[in-house]
Every structure is written in structure tokens, then in C-alpha cells.
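Descriptive analysis of the structure
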Amino acid sequence: MKRKWASCSQTGRLTFDTELLRQPAGFRAEVIVHELLHLKVPNHGPLFKALLKAYLGEKN
Ligand SMILES: [Zn+2]
């Protein structure tokens, strides 16, 4: 099962697991950018994926 590292509420509050602080910087960036994007795009549709790729680079 994939761990839930962070969440975004409908009121725009982002919550992060403090365990994330012990993860590699690259992974932290992915999780944080992912949640920040949810403030603009609430779902995981094509627009979300395109923006994520734009922010994190081609490896994603
Ligand atoms: Zn998400």
C-alpha cells in the first residue's frame, strides 16, 4: 500500500507527514509540488500531470 505523505483539504489547507523530513530532498520536492498543484487543480487529470511534469522535469 502506498503511504499517504500529504493531503490537501477543500479549504486549501495542506498537511504533510513529518516523516517526510527524513526522506530524500528530491522526493520531498515531488510531494510538496504535488500538493501545491492541488490548490489549482483538484484532480489528477491531464492538466495536473502536465503541470507536474513542467515543475519537476522530464523524469516524471
Ligand atoms: Zn494528488
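That block above? That's the structure.
Residues numbered from 1 in each chain as written. Predicted model: local features only at pLDDT ≥ 70, side-chain atom pairs only at ≥ 80, totals over all residues. Heavy atoms only, no water.

So, on to the environment of Gly-57. Looking at the element boundaries, Gly-57 is found in the segment after helix 2 (46-56). With 19 residues separating them along the chain, Gly-57 and His-38 place their C-alpha atoms 18 Å apart. (Helix = DSSP H or I, 4+ residues; strand = E, 2+ residues; numbered from the N terminus.)

Around the zinc ion, the donor atoms from the protein are His-34 (NE2), His-38 (NE2) and His-44 (NE2), and they sit 2.0 Å away. Donor residues binding the zinc ion come from one chain and are separated in sequence as H-x3-H-x5-H. Among the residues examined, His-44 registers a relative accessible area of 46% and is labelled partly exposed. (Donors = N, O, S within 2.8 Å, 3.2 Å for Na, K, Ca; no water. Buried < 20%, exposed > 50% of the residue type's maximum accessible area, 1.4 Å probe, protein only.)

What follows covers the side chain of His-38. Note on placement: His-38 falls in helix 1 (residues 25-38). Its relative accessible area of 13% is what places His-38 among the buried residues. Leaving out residues up to four positions away in the same chain, His-38 has contacts with Cys-8, Asn-43, His-44 and Phe-48. (Contact = heavy atoms within 4.5 Å.)

This part takes up a nonpolar patch on the surface. Taken together, Phe-16, Ile-32, Leu-36 and Leu-39 make up a surface patch of nonpolar side chains, about 330 Å² in accessible area. Exposure remark for Ile-32: the relative accessible area of 35% places this residue in the partly exposed category. (Patch = residues over 30% accessible without salt bridge, like charges linked within 9 Å, V, L, I, M, F, W, Y side chains within 5 Å. Areas by Shrake-Rupley, 256 points an atom, 1.4 Å probe, with all protein chains shown as cover. Salt bridge = Lys/Arg side-chain N within 4 Å of Asp/Glu carboxyl O.)

Attention shifts here to the pattern of salt bridges. The full count for this structure, using the stated rule, is two salt bridges. Asp-17 is the salt-bridge partner of Arg-3, the closest N and O atoms lying 2.4 Å from each other. Of the two residues, Arg-3 sits in the segment before strand 1 (6-8) while Asp-17 sits in the loop between strand 2 (14-16) and helix 1, which places them 14 residues apart along the sequence. Arg-3 gets classed as partly exposed once you look at its relative accessible area, which sits at 42%.

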